[in-house]
Amino acid sequence: MATFELYRRSTIGTCLTETLDEMVSSGVLSPELAIQVLIQFDKSITEALETQVRGKISVKGHLHTYRFCDNVWTFILQDAMFKSEDKQEKVERVKIVACDSKLLAQQ
């Protein structure tokens, strides 16, 4: 799995892709420019995660399902409690997808 696939399947990635598709269909953007926008999105998201995200959280909850396939872990938790230094939030159901970034860099 390429790094960009993780970001593009997120809510913001899906919305960006749908918007660019609509703009290409209506003739506002060329397909080449839309591809360049997606490439820049990939680079920007990767750089932001590497340089700006420093927070830590702990997660507790009931492990409903877990999988390990192609070096990617997928966990589905129910009644999960997310705790940071100053906040806590309870979520009824959450899906966590985790992979080794070193493996992604090799692709």
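The structure reproduced in this document is the subject of the present report. Bear in mind the structure is a predicted one, so any value in this text is a computation, not a measurement.

Basis of the calculations
Residues numbered from 1 in each chain as written. Predicted model: local features only at pLDDT ≥ 70, side-chain atom pairs only at ≥ 80, totals over all residues. Heavy atoms only, no water. Helix = DSSP H or I, 4+ residues; strand = E, 2+ residues; numbered from the N terminus. Expected span 1.5 Å × (residues − 1). Buried < 20%, exposed > 50% of the residue type's maximum accessible area, 1.4 Å probe, protein only. Arc of directions from axis to C-beta. Pairing = 2+ DSSP bridges. Phe/Tyr/Trp six-rings, centres within 6.5 Å; stacked < 30°, edge-to-face > 60°. Contact = heavy atoms within 4.5 Å. Patch = residues over 30% accessible without salt bridge, like charges linked within 9 Å, V, L, I, M, F, W, Y side chains within 5 Å. Areas by Shrake-Rupley, 256 points an atom, 1.4 Å probe, with all protein chains shown as cover. Salt bridge = Lys/Arg side-chain N within 4 Å of Asp/Glu carboxyl O.

Brief notes about helix α3 (residues 31-51)
Here is step 1 of the chain: The terminal C-alpha atoms of α3, which comprises 21 residues, lie 30 Å apart, in line with the 30 Å expected from a rise of 1.5 Å per residue.
Here is step 2 of the chain: Residues Ala34, Leu38, Phe41 and Asp42 constitute the buried set of α3. Looking down the long axis of α3, one finds its buried residues gathered within 95° of arc, a one-sided arrangement. Seen from the buried face of α3, the exposed residues on the opposite side, beyond 90 degrees, are Glu32, Lys43, Glu47 and Glu50.

Topic: helix α2 (residues 11-25)
Here is step 1 of the chain: Taking 1.5 Å per residue, 15 residues should reach 21 Å; α2 reaches 21 Å between its end C-alpha atoms and fits that length.
Here is step 2 of the chain: Positive phi appears at Gly27, one or two residues downstream of α2, with a value of about 85°.

Re the pairing of strand β1 (residues 58-69)
Here is step 1 of the chain: Across ten bridges, the pairing between β1 and strand β2 (residues 72-83) is antiparallel. Bridged to Ser58 within β2 is Lys83.
Here is step 2 of the chain: Count of turn residues in the β1/β2 antiparallel hairpin: two residues, of which Asp70 carries a positive phi of about 55°.

Some points on the packing of aromatic side chains
Here is step 1 of the chain: Applying the stated criterion to the full structure yields three aromatic pairs.
Here is step 2 of the chain: Each ring, one from Tyr66 and one from Trp73, has its centre 6.5 Å from the other, and the planes form 35°; the classification is tilted.
Here is step 3 of the chain: Plain terms: the ring middles of Trp73 and Phe75 are 5.5 Å apart, the flat faces sit at 10° to each other, and that makes the pair stacked.
Here is step 4 of the chain: Its relative accessible area of 26% is what places Phe75 among the partly exposed residues.
Here is step 5 of the chain: Here the aromatic residues Tyr66, Phe68, Trp73 and Phe75 are joined through ring pairs into a cluster of three or more.

Points about the side chain of Thr74
Here is step 1 of the chain: Residue placement: Thr74 occurs in strand β2.
Here is step 2 of the chain: By relative accessible area, Thr74 is classed as buried at 12%.
Here is step 3 of the chain: In this structure Thr74 touches Thr65, Tyr66, Arg67, Lys95, Ile96 and Val97, once residues within four positions along its chain are discounted.

Notes on a nonpolar patch on the surface
Here is step 1 of the chain: A surface patch of nonpolar side chains, amounting to about 440 Å² of accessible area, comprises Leu63, Tyr66, Phe68 and Trp73.
Here is step 2 of the chain: Top element by residues in the nonpolar patch is β1. It accounts for three residues.
Here is step 3 of the chain: With respect to the helices and strands, the residue Trp73 is situated in strand β2.
Here is step 4 of the chain: The class of Trp73 is partly exposed, set by a relative accessible area of 36%.

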